[in-house]
Amino acid sequence: AGAVSQDPLPSAAGACGVGAAVERLIMQAWTSAPSVPVAQKPGWSIFCAFLAPLLVVYGGWLAVFLPGILGQDSLAVLLEIQNPDGFQSGKPAFWYYFVRLFFQPTQMTEAPIAAVLVLGAVVFARILSWCWVHQLHKVTLFSLVFICLAPHTIYFLGTLYPDAAYSVAVTGLLFECWLGT
C-alpha cells in the first residue's frame, strides 16, 4: 500500500529531492515558530536596553559637537546637494542620495550624521543583545565599553563620511551572515 506523506503542504518540487528537502525545512521552521508578538520575545527588551543608552551617548556626542565633524569630502557632498548643476563631488551615488535624503528637507548637517549614528546604535545593539542572550556577558560588556562606546568609534560614526555608514552596515551584515551559518 502507498505511504502517506508527512509533508504539511503538497510541493510542486516534491520530486526533485533537494528542492523538496529545503522546502520542507522552511515550512517546518515557519510552522513550528510560536506566534509571539515581537515585543514579548525575550531578546527584544534586551535589545532596547542596549539601544537606549547607545542612542543617549551618541545623541549627546552630536549635541556637544554640533554640527558634526565635516571635512572636505563632507562639504563637497553638501555643496553638490545644494548646487547639483555647478559642482560634482565624485562621491558614490548611494552616499550622495543618502545625505541628500536627510540633508535636503532640513538643511541641517546634523540630520545625515544623526542617521548614521542611529544606524550604528541599532547594529551595535543587535550584536550586543545577541551576545547577552547567549550568556556571553563578559564579551558583551567588553564590546560595549571598548568598541561601541569608545571615543574613536563615536567620532568615526559622527563624521559625515561614507566610510562610517558602510563599515557599520558591513559589520551588521557580516554578523547576520555569521549567525546564518
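This text follows the structure it describes.
Residues numbered from 1 in each chain as written. Predicted model: local features only at pLDDT ≥ 70, side-chain atom pairs only at ≥ 80, totals over all residues. Heavy atoms only, no water.

Participant: I tried to follow the overall build of the protein on my own but got confused; where do I start?
Facilitator: On a plain count of helices and strands, the protein comes out with 8 helices and 0 strands. Going from the N terminus to the C terminus, the protein shows its helices and strands as α-α-α-α-α-α-α-α. Across the 181 residues that make up the protein, the buried fraction comes to 31%. Once local pairs closer than 6 in sequence are excluded, the contacts in the protein between residues at least 24 apart make up 64%. (Helix = DSSP H or I, 4+ residues; strand = E, 2+ residues; numbered from the N terminus. Buried < 20%, exposed > 50% of the residue type's maximum accessible area, 1.4 Å probe, protein only. Contact = heavy atoms within 4.5 Å.)

Participant: How should I be thinking about the side chain of Ser129 in this particular structure?
Facilitator: Counting through the fold element by element, Ser129 comes out in helix α5 (residues 110-133). Classification of Ser129 by relative accessible area gives buried; the value is 6%. Sequence-distant contacts of Ser129, defined by excluding residues within four places in its chain, comprise Gly43, Ile46, Phe47 and Phe50.

Participant: Honestly, the packing of α5 against helix α8 (residues 162-180) in this entry has me stumped. Any pointers?
Facilitator: Helices that pack against each other are described as a pair by the angle of their axes relative to one another and the distance between those axes. Interaxial distance between α5 and α8 falls to 9 Å at its minimum, and their mutual angle equals 25°. Between α5 and α8, the crossing angle belongs to the class labelled roughly parallel. Considering how the two elements wind past one another, α5 and α8 form a crossing that is left-handed. Packed against α5, whose contacting residues are Val116, Leu119, Gly120, Val123, Phe124, Arg126, Ile127 and Trp130, the element α8 presents Ala164, Ala165, Val168, Thr171, Gly172, Phe175, Glu176, Trp178 and Leu179 at the interface. Residues that form the contact of α5 with α8 fall into these classes: 12 nonpolar, 3 polar and 2 charged. (Axes fitted to C-alpha atoms, helices over the stretch in contact; angles between N-to-C directions. Parallel < 35°, antiparallel > 145°, perpendicular 65-115°, else oblique. Left-handed = near helix turned anticlockwise from the far one by under 90°. Nonpolar A, V, L, I, M, F, W, Y, C, P; charged D, E, K, R; others polar.)

Participant: Got a minute to help me understand helix α3 (residues 72-82) in this structure?
Facilitator: Because each turn of an α-helix spans 3.6 residues, side chains separated by three or four positions end up pointing in the same direction. Along α3, the residues that are buried comprise Ser74, Ala76, Val77, Leu78, Glu80 and Ile81. Where α3 is buried, its residues meet α4 (93-106).

Participant: How should I be thinking about the nonpolar core in this particular structure?
Facilitator: One broad trend across soluble globular proteins is that nonpolar side chains are buried collectively. Ranked by size, the top nonpolar core spans 36 residues in total, and within it Leu54, Tyr58, Trp95, Val99 and Leu157 carry the most contacts. Those elements that provide at least two residues to this core are α2 (42-64), α3, α4, α5, α6 (137-148), α7 (151-157) and α8. The element that contributes the greatest number of residues to this core is α5, accounting for 12 residues. With near-sequence residues (within four places) excluded, Leu157 lies in contact with Tyr58, Ile113, Val116, Leu117, Gly120, Phe124, Ala164 and Val168. (Core = buried A, V, L, I, M, F, W, Y, C linked by side-chain atoms within 4.5 Å.)

Participant: Explain a nonpolar patch on the surface here, please?
Facilitator: Taken together, the side chains of Phe142, Val145, Phe146 and Ile147 present a nonpolar region at the surface, about 400 Å² in accessible area. Its place among the elements puts Val145 in helix α6. (Patch = residues over 30% accessible without salt bridge, like charges linked within 9 Å, V, L, I, M, F, W, Y side chains within 5 Å. Areas by Shrake-Rupley, 256 points an atom, 1.4 Å probe, with all protein chains shown as cover. Salt bridge = Lys/Arg side-chain N within 4 Å of Asp/Glu carboxyl O.)

Participant: Quick question: what am I supposed to make of the pattern of salt bridges here?
Facilitator: Side chains carrying opposite charge are able to pair once their charged atoms draw close together. Under the defined criterion, the tally for this structure stands at 2 salt bridges. Residue Lys91 is joined to Asp73 by a salt bridge in which the shortest nitrogen-to-oxygen separation is 3.3 Å. One end of the pair, Lys91, is in the loop between α3 and α4; the other, Asp73, is in helix α3, and 18 residues separate them in sequence. A residue is classified by how much of its surface remains accessible, and Lys91, at 26% relative accessible area, is partly exposed. Residue classification places Asp73 among the partly exposed positions, given a relative accessible area of 34%. Among the ionic pairs, Arg126 bridges to Glu176, the shortest N-O distance being 2.7 Å. One end of the pair, Arg126, is in helix α5; the other, Glu176, is in helix α8, and 50 residues separate them in sequence. Residue class for Glu176 comes out partly exposed when judged on its relative accessible area of 37%.

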